[in-house]
Amino acid sequence: MEQGLFFPSKNGDRKYKASDFTGYFSHLFSNGVFSNNSENLQVLASKTNGLAVVVGAGYGNINGYLYQLTEAKTIVFKVADVSGTAKKGAVVLRMDLNERLMSVETKGTTELTQTNSIYELMLAEVAIPGGGLPITQSMIKDTRGNGDLCGYVSSLIDIDPTTLWLQFEADWKKWLEDIKDLIDENEAAKLALAIDELKKNLNTHLCNESIHITNVERTNWNNKAASLHSHSISQITNLQTELNQKEAKVSDSGWIKAVTSGVTHNANQPFSYRKIGNRVEFRGGGNFPIAGGYTFLIMPNGFYPSQEYRASATVQDSDTTKKFIFQVLTNGTCKIIHNTVSSNIVWMDGQHYYVD
């Protein structure tokens, strides 16, 4: 079937189904929680009901269907879930096509249902204590950043510049072949060397991990392009277009306040992270839990280190030097290895690692 979407209707000749819209959006956005706000659909322990959790306002996407929660919602685990021995449960964002509903719900298991009619994403894993004991914040593991369970909504549109570069090289060889009889060998050799030098400078420039093209640099590129033979103008334009495209691939996420567990953020400089290109940086700080092996943060998909990262920070308290050691696993899990800093703030400024 051949079809164009979405045109205005004239006398009812254009009618669209819900699946037309969801099919369109499912090609643009991945499933998950929208990451424009770190508190979007965040799960917190209830302060008034020990068997309940509170899900913050926010937005989510499942297979092109939009979920919105305009104000915090309190949901309670079933009596069967909280009685008896301790076990693991979950808070999920559920889409039910049979009931035409999307909602956040509790489950007495961590098994997700993902069928054509019912599809779930896990917002948090909850260590249910059992015996009717209250659920505390330390029992709640935020899984919004885990791409296997939930993840953050991202664009599915991706352009690979490698294909464009190969096409340029093919066009360049054909063009050179076409003009070789129009110019003498000496002029052709000079022109080829000039283009090769420009390509080499381009690749060298793009290998720098903190790529920034300044106005002065761009002026230099334009001057080089203008000095080459007039026959190569179209090829130089292609090179500059390629430079712009590769420059655009170096993205900057901006500073994102970390959604942590058990961490009290500094009010003025909260613990945050940022990705520029393939470099992930930390800044700010707060009071961290003492317990070794404690998971205090799960980095979102795309922020995972290429290899396990381990770092330390020291705090001088009177005459005593105290140490804080943490690690970031390749699945994005951030764990405390050692912490003797109880009352002092640990500053994470300068800590960084690289992603693939």
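Residues numbered from 1 in each chain as written. Predicted model: local features only at pLDDT ≥ 70, side-chain atom pairs only at ≥ 80, totals over all residues. Heavy atoms only, no water.

(A) Just the overall build of the chain, in detail. The helix and strand inventory of the chain stands at six helices and 21 strands. Pairs at least 24 residues apart make up 59% of the contacts formed inside the chain by residues separated by at least 6 positions. If you sum the accessible surface of the chain, you get close to 20300 Å²; carbon and sulfur atoms cover 50% of it. (Helix = DSSP H or I, 4+ residues; strand = E, 2+ residues; numbered from the N terminus. Contact = heavy atoms within 4.5 Å. Areas by Shrake-Rupley, 256 points an atom, 1.4 Å probe, with all protein chains shown as cover.)

(B) Spotlight on the side chain of Thr260. With respect to the secondary-structure elements, Thr260 resides in the loop between β11 (256-257) and β12 (264-265). Separated by 3.1 Å, the side chains of Thr260 and His265 make a polar contact. The residues touching Thr260, leaving out its near neighbours within four places in the chain, are His265, Phe271, Phe296 and Leu297. (Polar contact = N/O pair within 3.5 Å; in protein donor to acceptor, adjacent residues only side chain to side chain.)

(C) Quick peek at the pairing of strand β4 (residues 58-62). Burial analysis of β4 places four of its five residues in the buried class, which makes it a mostly covered element. As paired elements, strand β1 (residues 32-33) and β4 share two bridges and run antiparallel to each other. By the bridge assignment for β4, Gly32 is matched with Asn61. Taken together, the five bridges between β4 and strand β5 (residues 65-69) define a ladder with antiparallel strand orientation. By the bridge assignment for β5, Tyr59 is matched with Gln68. (Buried < 20%, exposed > 50% of the residue type's maximum accessible area, 1.4 Å probe, protein only. Pairing = 2+ DSSP bridges.)

(D) Fine view of the side chain of Thr333. Along the chain, the position of Thr333 falls in strand β19 (residues 333-339). Among the polar contacts made by the side chain of Thr333, one reaches the side chain of Asn331 at a distance of 3.0 Å. Once you skip the residues sitting within four places of it in the chain, Thr333 turns out to touch Thr295, Leu297, Gln327 and Val328.

(E) A look at unusual backbone geometry. Positive phi outside glycine occurs at Leu41, with the angle close to 55 degrees. Not every positive phi belongs to a glycine, and Asn63 is a case in point at roughly 50 degrees. Along the chain, Asn63 falls in the loop between β4 and β5. Assessed through its relative accessible area of 32%, Asn63 is described here as partly exposed.

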